[in-house]
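# Notes for the structure review
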Amino acid sequence: QVQLVESGGGLVQAGGSLRLSCAASGRTLSSYDMGWFRQAPGKEREFVAAIRWSGTNTYYADSVKGRFTISRDNAENTVALHMNSLNPEDTAVYYCAAQLLAGGIYYAKESYHLWGPGTQVTVSS
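Residues numbered from 1 in each chain as written. Predicted model: local features only at pLDDT ≥ 70, side-chain atom pairs only at ≥ 80, totals over all residues. Heavy atoms only, no water.

### Examining the nonpolar core
Put simply, the rule reads: Within this scheme, the nonpolar core is defined by two criteria: the residues are buried Ala, Val, Leu, Ile, Met, Phe, Trp, Tyr or Cys, and they are joined through side-chain atoms within 4.5 Å. Only protein chains enter the accessibility calculation, which uses a 1.4 Å probe; a residue whose area is less than 20% of its type maximum is buried, one above 50% is exposed, and one in between is partly exposed. Numbering of helices and strands runs from the N terminus, with a helix taken as a DSSP run of H or I at least four residues long and a strand as a DSSP run of E at least two residues long. Between two residues, a contact is recorded if the distance between any of their heavy atoms is within 4.5 Å.
Leu4, Met34, Trp36, Leu81, Met83 and Tyr94 are the most contacted members of the largest nonpolar core, which has 35 residues in total. Taken together, the elements giving at least two residues each to this core come down to strand S3 (18-25), strand S4 (33-39), strand S5 (46-51), strand S7 (68-73), strand S8 (78-83), strand S9 (92-99) and strand S11 (119-124). Here Leu81 is in contact with Leu18, Arg19, Leu20, Trp36, Val48, Ala49, Phe68, Thr69, Ile70 and Tyr94, once residues within four sequence places are set aside.

### Considering the pairing of S3
Note the following rule: Should DSSP find at least two bridges between two strands, the strands are regarded as paired.
Pairing of strand S1 (residues 3-7) with S3, which is carried by five bridges, proceeds in the antiparallel orientation. Along S3, the bridge assignment pairs Ser7 with Ser21. As paired elements, S3 and S8 share six bridges and run antiparallel to each other. Each bridged residue has a counterpart across the sheet, and for Arg19 the counterpart in S8 is His82.

### Overview of the pattern of salt bridges
For clarity, the cut-off: We define a salt bridge as a contact between a side-chain nitrogen of Lys or Arg and a carboxyl oxygen of Asp or Glu at a distance within 4 Å.
Scanning the entire structure with this criterion turns up six salt bridges. Asp90 serves as the salt-bridge partner of Arg67, at 2.8 Å between the closest nitrogen and oxygen. Taken together, the residues Arg67 in the loop between strand S6 (58-60) and S7 and Asp90 in the loop between S8 and S9 connect sequence positions 23 residues apart. When sorted by exposure, Arg67 lands in the same class as Asp90, which is buried. Taking the shortest distance from any N to any O, the salt bridge between Lys109 and Glu110 comes out at 3.9 Å. On the basis of relative accessible area, Lys109 is assigned to the partly exposed category, the value being 29%. Looking at Glu110, the relative accessible area reads 61%, which means it is exposed. Because the salt bridges share partners, they merge into one network encompassing Arg38, Glu46, Arg67 and Asp90.

Given below as structure tokens:
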């Protein structure tokens, strides 16, 4: 059974950094575009960052551009999200997701078919 599992969340002070990791089991992710989304209490799940299967193209939400970096290691079957200059507005559950079919819109959650359970990120002021 294919699973995605996020790790690395936690509590951090404003201005701090965290590194989230997404590991896959049961399937290699090297052929799939991957994304990170987040959902704050009472809000819709929103796009954060995405990376093409080859790693050559990355995309970011305007709210995180310049602060967050998405990367992948296809040999290790992992995707990471490096988050710097965190602020309380970044507090949310962060989800890793995989597009199992090519051609999806990178920022649309409907394009993603496989999701992890999420990891909580809390930024204190």
